[in-house]
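Spelled out from the first residue to the last, the chains are:
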Amino acid sequence: MQQSLIMAVVVSSLLFSPVRLFTSFRVQLAVLRRITCLRVSSQRRCTSDTSTSSDDHLSPGLQKYKDLQNYFKKRLKAAYRRFSSTQDHSVVCGHHHVYFIEGDGIYRMDKSRRDPEQVLNLEQVPGGEDKTGPERGERFHWAVQRIRLSPQEKHLAATLKSNHREEPRCVVVRLAREKSPLDPSNIILTLDNVFSFEWATDEVMFYTSLEGLRCNSVFRLDMTLSGSRITTVYEEKQPDVFVEVALSRDRRILSINCNSRTSSEVLLIDTTKNSLVPRLVQPRQQDLLYHVEHWRGLLIILANTGLGQEYQVVQAPLSEPSMLSWVSLSTPDPGNVVKDMDIVGDYCMLVARTPANELVLTVVPLMHPKKAYTLPLPSWACAIETKKPGLADKLEALEILISSPVYPPVPYCLYPEDGLLLSQSEDGFSPENQDNNTITRLQACSQDGTLVPLTLFSAVPVEGLRPAPLLVHVYGAYGRDLCMDFCPEKRLLLEQGWVLAYCHVRGGAEQGLSWQRQAREDRKEKGVEDLYTCLQHLFSLGVSSPSLTALTACSAGAVPVGALCNRHPHMMRAVTLQAPFLDVLGTMEDPSLPLTMEDREEWGDPVANQKHRLSIASYCPLHNITPQCYPSMLLTAYRGDARIPLTGVLKYTQRLKEAVHTHFTTNPKQEQKSAPNIILNIQPGLSHFGPEDFELMMEEEALNLAFLYKELSLEPPRHKRKRK
C-alpha cells in the first residue's frame, strides 16, 4: 500500500503493484500505454466520427517530411503487429470471473462459458456531448485506465480517459449475476475527476478528486439500497501536497497517501473495522519520505531513514505506527538503492539497483529478516512491472514482467520460499538467446568527478559503432528514473543499425535519492554537465559522431537538452522534443500556473531566492538562446496541455528561429551551410503525454522518425524483395 502516482496516467496501471516510489505527477509519461496499444492496434477503439485527415492540422514546415512519415507509419504498424502478442498483465482476476479490456469496453469470462460477456460498453458512457469536445481533426474516444473490483465482486469501478479531457471519469457498474451486462442500469453511477480509487467493502469505495492538476481531497462513496451517498473524508491544506488512495496487497489496509516532493504523510483505514476511520501513521516531517504496506498486524514501511537518507525497510505495530516505534528490518547492500517494494506472503520483495546500474531482486523473509538474499536479473533487464493480485490470487508468488527499450516484456514468477525466479514464457523465450543485440553499461566521469551511468543498445559491439547513427535519451528531474520500458519504435531503430544511448544524469533517481538531491534547485546545472560528459564519453569511445547524433527528450527532459544546445550545438545534428519544458524561469516566476508552487522544490524559487534566480537564468533554454548554428529541432506540443504552458514553447521556437536567421545573415561564410529546420508541431488535445488514439500516436511517432532520417541524411530502410 505505497505511493502509486504512476497509476494515474498509465492504462495498464490497474495491473501493477501499488508501489511506484519515484514518480512525479507532473512528469509522468504515458509510455506504458504503448503496451496497451500493442493489444489494440488491430482492434476497434471506441471513437466518434469527428476525425478528419491528419493533413488538416499539419504545421508549417512539416510537409517536406510527409512522404517519409507515411512510409514509417506503415513500418511502425507492422512493428506493433509483430509485437501484438507481447505479454502483459491485462487480465484482472475476480472470485468468479476474469476481466479484460477490449476495444469497445470491458468484458469478463467465467470457467463455464467460452464466450465473453460485456460488462461495460464504452459507447454507453456519457461524455461525447461535453462542451470541451474534440477539436477538428481529433477523434473522440474513451480509453480504460484502471479497473477495481469490490471484495466479493459485487461492483466494478473503472476510470476512463478521453482525448479531450484532462480529468478521468469513473464509472461504477453493478455485477449482480441476474442482471444483463448490457442493461444500461448496470452503470449505476458516474463520477467526474476521479484520480485514484479503492473498494474498502462491497458497498464502500474511497476515491480522490483531481481539480486543476491538484488532488487534495478524499471522498467516501456508500452504495445503499436507496441510492448512493458521498461524504468528505480528508482535505489537504498544503498546496504542494498530492493525495491518493491505495490498498495493501492483502486488502486489509487502505491508505491515504499525502506526498509532496520532499515529504510524506500517510493515514490508514482498517477495512476489517466497521468504522473505517483514518488513522495517522507519522506526521509530516521535512525530508522524510515513507510508504506503507501491511503484514500480519504489522506495518512494513519503506522509509528514507537509511544511511545518506536512502530507503530502508522498517516495521512497526499497526496499533502504534509512529516513527518512535519504527524498527529497522532490512538495509540494502552498500551501493545498492531500493527502487520498489512489495509484500508476498511472508516475504518482502525489494527491487534494487546496483552501482553498475543493474537491477536485482532482494528477498527479505519477514520471519527471519537476517536471512535476506539477492537474486540477479537477466543482464538485459531495464524495467520491471509487478502484477497487482486479483481477488482470488494466491499470495505465495510474485508475477513480474521484465523488459528493456528494445526487448518486449518477458513474464517471470518469483517463488520466495524456494529462492527461484522462473521464466513463465510458453516457449522459454529469453532475449539473449534470440538475437545478437548488445547491451553495454558504461560510466562517464562528469566535471566534478561523479560517475554518470550510461546504458547503450546496439546491434554490434562498441568497437564497430563509429558509422552508426546515435539517438540519445535523457530526463534528469523530479527523482524519476529515465523510462526504459519496451518501445517498438526503439526496436525498429535498433534493427536498422541505430545506437540507442540512455544517459542517467543527476536529477533522476537511478543512483538513489541523493542522485536527485545533487541536481535540485540551484544545483540543476549538474544535469546539463552530466549530459555533456556522456556525449563526450561516447564520442571518445568511437560511438558515432556529432553529424550522426540526435537527442530526444520529453517534458522536463527538454531542460538539459535545450541547455546543451545553447552551449554546444555542434555536438548533435537533430533534436526531437515532446511536450517540452523550456521556459523554466518564466514558469517558476508565475505562481498562478497550476504546478509552480510545488515545482519550486525541484527548480527553485526565483522570486524569493536570488541564488535560485541566477542559477535558473544560467541554464534556462529559452533565456540563453544566442545567434549560432543550432541543430534541427522538431518540437511537438499539445494545445491544451496544462502542465507545459504553450506560450513558453511558442516563445522558444520564435526566438530560436530569429537567432538562427541572425546568425546566417550576419555570417556570410555560413551561407554555404544549410540552415537548421526548426519545426513546431502543435497538436490538438489536452494530454501532456501524447495522443491516446493509436492512429494519431502512429502519425506522431512516424513524423519523429521521418524527421530524424531526413535531418541526419539517412536513407530509409527498405524491405528486401524476395526472389520469385
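Since we're looking at a predicted model, the values are computed, not measured.

Student: Explain the overall build of the protein chain to me, please; I cannot follow it from the model alone.
Tutor: Tallying secondary structure elements over the protein chain gives 12 helices and 36 strands in all. Taken across its 724 residues, the protein chain has 64% of its residues classed as buried. In the protein chain, once contacts between residues fewer than 6 apart in sequence are set aside, the share between residues at least 24 apart is 62%. Roughly 27,700 Å² of accessible area belongs to the protein chain as shown, and the carbon and sulfur atoms make up 50% of that amount.

Student: Help me understand the environment of glutamate 602, please; the structure alone is not making it clear to me.
Tutor: Within the element layout of this structure, glutamate 602 appears in helix α9 (residues 596-603). In this structure the C-alpha to C-alpha distance between glutamate 602 and aspartate 522, which are 80 residues apart in sequence, comes to 9.2 Å. Among all residues touching glutamate 602, those that are not within four sequence positions of it are Arg261, Ala477, Tyr478, Gly507, Gln516, Ala519, Arg520, Glu521 and Lys524. Here the side chain of glutamate 602 touches lysine 524 through a polar contact of 2.5 Å, side chain to side chain.

Student: What is the right way to read the sheet that holds strand β1 (residues 92-93) from this model?
Tutor: Sheet strands pair via backbone hydrogen bonds, and the direction of the pair is either parallel or antiparallel. Spatially, β1-β2-β3-β4 is the arrangement adopted by the four strands of the open sheet, whose pairing is antiparallel. The open sheet has two edge strands with one neighbour each: β1 and β4 (117-121). Alignment of strand β3 (residues 105-109) against β4, held across four bridges, turns out to be antiparallel. Bridging from a neighbouring strand, isoleucine 106 pairs with leucine 120 of β4.

Student: I tried to follow the sheet that holds strand β25 (residues 383-386) on my own but got confused; where do I start?
Tutor: Read across the open sheet, the four strands follow the order β25-β26-β27-β28; overall the sheet is antiparallel. Only two strands of the sheet have a single partner each, and these edge strands are β25 and β28 (420-423). Each strand of the sheet is rotated relative to its neighbour by a mean of 30°, with strand direction disregarded. Where strand β26 (residues 398-403) and strand β27 (residues 410-415) come together, five bridges link them in antiparallel fashion. Pairing of isoleucine 400 across the sheet is with tyrosine 412, part of β27.

Student: Help me out: how do you make sense of the side chain of glutamate 153 in this one?
Tutor: Tracing the chain through its elements places glutamate 153 in the loop between β5 (142-149) and β6 (155-162). Arginine 108 provides the closest opposite charge to the buried, salt-bridge-free glutamate 153, at an N-O distance of 4.6 Å. At 3.0 Å, the side chain of glutamate 153 and the side chain of histidine 97 are in polar contact. Here tyrosine 99 takes part through its side chain, which lies 2.6 Å from a polar atom of the side chain of glutamate 153.

Student: Would you explain the confidence of the model for the protein chain in this entry?
Tutor: Detailed reading of the predicted model is not advised wherever pLDDT is low. When pLDDT is averaged across the protein chain, the result is 85; 84% of the residues are at 70 or more. Across residues 1-36, where pLDDT falls below 50, the model places 158 contacts with residues more than four positions away in sequence or in other chains. A low-confidence stretch, residues 39-58 (pLDDT under 50), is modelled with 48 contacts involving residues beyond four sequence positions or located in other chains.

Student: What is the right way to look at the packing of helix α2 (residues 66-82) against helix α12 (residues 694-711) in this model?
Tutor: When two helices pack together, their arrangement is given by the angle between the helix axes and the distance between those axes. The N-to-C vectors of α2 and α12 enclose an angle of 120°; their axes lie 8 Å apart at closest approach. When the axes of α2 and α12 are compared, the pair comes out oblique. Once α2 is placed against α12, the crossing between them reads as right-handed. Along its contact with α2, which presents Leu68, Gln69, Phe72, Lys73, Leu76, Lys77 and Tyr80, the element α12 presents Phe694, Glu695, Met697, Met698, Glu699, Glu701, Ala702, Leu703, Leu705, Ala706, Tyr709 and Lys710. A per-class count over the contact of α2 with α12 returns 12 nonpolar, one polar and six charged.

Student: What's the story with the packing of aromatic side chains in this structure? I'm lost.
Tutor: Note on aromatic pairs: each is described by the distance of the centres and the angle between the planes. Tallied over the full model, the rule gives 14 aromatic pairs. Centroid distance tryptophan 380 to tyrosine 407: 5.7 Å. Interplanar angle 75°. Geometry classified as edge-to-face. Of this pair, tryptophan 380 sits in the loop between β24 (373-376) and β25 while tyrosine 407 sits in the loop between β26 and β27, and the two are 27 residues apart along the sequence. Among the residues examined, tyrosine 407 registers a relative accessible area of 4% and is labelled buried. Ring geometry for phenylalanine 581 against tryptophan 603: centres 5.4 Å apart, planes inclined by 70°, an arrangement best described as edge-to-face. With phenylalanine 581 in the loop between β34 (574-578) and α8 (584-589) and tryptophan 603 in helix α9, the pair connects residues that are 22 residues apart, well separated along the chain. Directly above the ring of tryptophan 603 sits lysine 524, whose terminal nitrogen or CZ lies 4.3 Å from the centroid.

Student: Would you mind going over helix α4 (residues 488-495) with me for this structure?
Tutor: Side chains of residues three or four places apart in an α-helix project in the same direction, reflecting 3.6 residues per turn. Of all eight residues that make up α4, seven are buried, and the element is covered over most of its length. Those residues of α4 not exposed but buried are Pro488, Glu489, Lys490, Arg491, Leu492, Leu493 and Leu494.

Student: I'm lost on the pairing of strand β10 (residues 204-211) in this one. Help?
Tutor: On a regular strand, each side chain points to the face opposite its neighbour's, so the side chains alternate between the two faces of the sheet. Within β10, seven of the eight residues are buried, leaving the element largely enclosed by the surrounding structure. Direction of pairing for strand β9 (residues 194-199) relative to β10: antiparallel, over a ladder of four bridges. Across the sheet, the residue bridging to valine 194 is serine 209, located in β10. If you look at the hairpin formed by β9 and β10, you'll find four residues sitting between the two strands. Relative to strand β11 (residues 214-224), β10 runs antiparallel, the two being bridged by eight bridges. Paired with serine 209 across the two strands is serine 217, which belongs to β11. The hairpin formed by β10 and β11 contains two residues between the paired strands, and glycine 212 there has a positive phi angle of roughly 60°.

Student: Would you mind showing me how to read helix α10 (residues 610-619) here?
Tutor: Among the residues of α10, His612, Ser615, Ile616 and Tyr619 are the ones counted as buried. Taken end-on, α10 shows its buried residues confined to a sector of 95°, consistent with a single buried face. At its buried positions, α10 is contacted by α6 (525-540), α7 (558-567), α8 and α9. The N-capping residue of α10, defined by a side-chain oxygen 2.9 Å from the backbone nitrogen of lysine 611, is asparagine 609.

Student: Help me out: how do you make sense of the nonpolar core in this one?
Tutor: When a protein is soluble and globular, its nonpolar side chains tend to lie buried together. The biggest cluster of nonpolar side chains holds 121 residues, and the ones touching the most others in it are Leu456, Leu531, Leu551, Val561, Val584, Trp603 and Met633. With 10 residues, the top contributor of residues to this core is α12. Residues in contact with valine 584, not counting those within four places in the same chain, are Val559, Trp603, Ile616, Tyr619, Cys620 and Pro621. Grouped together as the second largest cluster of nonpolar side chains are 19 residues, Val92, Ile101, Ala158 and Val171 included.

Student: For this particular structure, what's the right way to read the packing of α6 against α7?
Tutor: Their axes nearest at 9 Å, the elements α6 and α7 cross at an angle of 65°. One way to sum up the angle between α6 and α7 is to call them roughly perpendicular. Of the two elements, α6 crosses α7, and the hand of that crossing is right-handed. For the pair α6 and α7, the contacting residues are Glu525, Gly527, Val528, Leu531, Tyr532 and Leu535 in the first and Pro560, Val561, Ala563, Leu564 and Arg567 in the second. Here the contact of α6 with α7 is composed, by residue class, of eight nonpolar, one polar and two charged.

Student: Which parts of the structure should I look at to understand the pattern of salt bridges?
Tutor: Two side chains with opposite charge may pair up if their charged atoms get near one another. Enumeration over the complete set of coordinates arrives at 31 salt bridges. For glutamate 203, the salt bridge is made with lysine 154, and the minimal N-O distance between the two is 3.1 Å. Residue glutamate 203 is located in the loop between β9 and β10, and its partner lysine 154 is located in the loop between β5 and β6; the two are separated by 49 residues in the primary sequence. Overall, glutamate 203 belongs to the partly exposed group, its relative accessible area being 31%. Arginine 567 is the partner of glutamate 525 in a salt bridge, and the nearest nitrogen-oxygen pair spans 2.3 Å. Of the two residues, glutamate 525 is situated in helix α6 and arginine 567 in helix α7; the sequence distance between them amounts to 42 residues. Given the relative accessible area of 33%, arginine 567 is considered partly exposed. Here the salt bridges do not stand alone but share partners, grouping Lys73, Lys77, Glu695 and Glu699 into one network.

Procedures and definitions
Residues numbered from 1 in each chain as written. Predicted model: local features only at pLDDT ≥ 70, side-chain atom pairs only at ≥ 80, totals over all residues. Heavy atoms only, no water. Helix = DSSP H or I, 4+ residues; strand = E, 2+ residues; numbered from the N terminus. Buried < 20%, exposed > 50% of the residue type's maximum accessible area, 1.4 Å probe, protein only. Contact = heavy atoms within 4.5 Å. Areas by Shrake-Rupley, 256 points an atom, 1.4 Å probe, with all protein chains shown as cover. Polar contact = N/O pair within 3.5 Å; in protein donor to acceptor, adjacent residues only side chain to side chain. Pairing = 2+ DSSP bridges. Axes fitted to C-alpha atoms, helices over the stretch in contact; angles between N-to-C directions. Lys, Arg positive; Asp, Glu negative; His and termini not counted. Salt bridge = Lys/Arg side-chain N within 4 Å of Asp/Glu carboxyl O. pLDDT = per-residue confidence, 0-100. Parallel < 35°, antiparallel > 145°, perpendicular 65-115°, else oblique. Left-handed = near helix turned anticlockwise from the far one by under 90°. Nonpolar A, V, L, I, M, F, W, Y, C, P; charged D, E, K, R; others polar. Phe/Tyr/Trp six-rings, centres within 6.5 Å; stacked < 30°, edge-to-face > 60°. Lys NZ or Arg CZ within 6 Å of the ring centre and 35° of its normal. Arc of directions from axis to C-beta. Core = buried A, V, L, I, M, F, W, Y, C linked by side-chain atoms within 4.5 Å.

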